[in-house]
Amino acid sequence: MKLKCIIFDVDGTMADTERDGHRVAFNLAFEEKGLDWHWDENLYGKLLAVTGGKERIKYYQDEFLKQQVLNKQAIKDLHAIKTKHYIKLLETGKIPLRKGVEKLIKQARDENITLAISTTTTPINVTALLKANLGEQAQSLFKVIAAGDIVKNKKPAPDIYLYALEQLKIDAKNCIAIEDSEAGLQSAVQAGLKTIITTNQYTKNQDFTQAQQIHSDFSRIDTQLLKNIIGENHV
Ligand code: XBP
Ligand code: MG
């Protein structure tokens, strides 16, 4: 089976965005809105059980505050402020790509392997992260960027991967997903994708039984390794 496409998750996989990016931006938005909420690193780890920023705010209200401080529209407004702060953090160069990601992107391009993105985060967050780290044209390196509210159900539902595959018009058997979290793994596997995991501090103890391989960084991940997983050159 030929490796035709690599589909990257973004948060936690391409970059360690959660603790020093999204979390910080949420707290800045709470401050700007005059809310006395603060998500410390430990609490944020628990909140990551729910993907999607708006969904995460709702989960915090429902399960931790146990009261509805904000309605749906107020959550949407607060989340827009959070996105503004997150983009600012990216633009000041505070969030680098994980070591090895750029090298893998370049290697895949050289070998004509298509690149795509499948993420829960807001689309502008993805383009800003790519631009800040790979330059103005970075977006064009990826054939498909599937992100955010474009599908109804976020990870662990398979919807965003299924959407990406539909846009790519490449069979799932010819693609490999790279994820960092259990929710992301479930999403990719349910969409029929072989998946490898690169863990981070928040996800290292999650259940990755369904993954092809688990890595703690990108040092051993290259196109040859991905081809071996897909079974390229095997009969
Ligand atoms: C990423 C997320 C996102 C970000 C916040 O999950 O869960 O919710 O934390 O992004 P994944 P927004 O890596 O599995 O895609 O606030 O833009 O939703
Ligand atoms: Mg992730």
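Below is a summary of the structure that appears in this document. Keep in mind that this is a model prediction, so the values were computed, not measured.

Reading the values: the criteria
Residues numbered from 1 in each chain as written. Chains lettered and ligands numbered in written order. Predicted model: local features only at pLDDT ≥ 70, side-chain atom pairs only at ≥ 80, totals over all residues. Heavy atoms only, no water. Pairing = 2+ DSSP bridges. Helix = DSSP H or I, 4+ residues; strand = E, 2+ residues; numbered from the N terminus. Axes fitted to C-alpha atoms, helices over the stretch in contact; angles between N-to-C directions. Buried < 20%, exposed > 50% of the residue type's maximum accessible area, 1.4 Å probe, protein only. Contact = heavy atoms within 4.5 Å. Polar contact = N/O pair within 3.5 Å; in protein donor to acceptor, adjacent residues only side chain to side chain.

### Considering the sheet that holds strand β3 (residues 144-147)
Turning to step 1, where the next piece is worked out: Ordered by their spatial adjacency, 6 strands build an open sheet running β3-β2-β1-β4-β5-β6, and the pairing between neighbours is parallel. With partners counted over all chains shown, the strands left at the sheet margins are β3 and β6 (213-215), one partner each. Each strand axis lies, on average, 20° off the axis of its neighbour in the sheet, ignoring direction.
Turning to step 2, where the next piece is worked out: Two strands pair when backbone bridges link them, and strand β5 (residues 194-198) and β6 are joined in this way by 3 bridges, in the parallel orientation.

### Digging into unusual backbone geometry
Turning to step 1, where the next piece is worked out: The linkage connecting Lys155 with the following residue, Pro156, adopts the cis geometry, with an omega of 15°.
Turning to step 2, where the next piece is worked out: In this fold, Pro156 is placed in the loop between β3 and α7 (159-168).
Turning to step 3, where the next piece is worked out: The backbone of Lys66 sits at a positive phi, close to 55°, despite the residue not being glycine.
Turning to step 4, where the next piece is worked out: If you trace the backbone, Lys66 turns up in the loop between α3 (53-65) and α4 (72-91).
Turning to step 5, where the next piece is worked out: Non-glycine residue Lys169 carries a positive phi angle of around 55°.
Turning to step 6, where the next piece is worked out: Residue placement: Lys169 occurs in the loop between α7 and β4 (175-179).
Turning to step 7, where the next piece is worked out: Classification of Lys169 as exposed rests on a relative accessible area of 73%.

### Describing the environment of Asp20
Turning to step 1, where the next piece is worked out: Examined against the element boundaries, Asp20 turns out to sit in helix α1 (residues 18-32).
Turning to step 2, where the next piece is worked out: As a C-alpha pair, Asp20 and Leu65 span 45 residues in sequence and 23 Å in three-dimensional space.
Turning to step 3, where the next piece is worked out: The contacts of Asp20, once residues within four sequence positions are left out, are Leu89 and Ile95.
Turning to step 4, where the next piece is worked out: Separated by 3.1 Å, the side chains of Asp20 and Arg19 make a polar contact.

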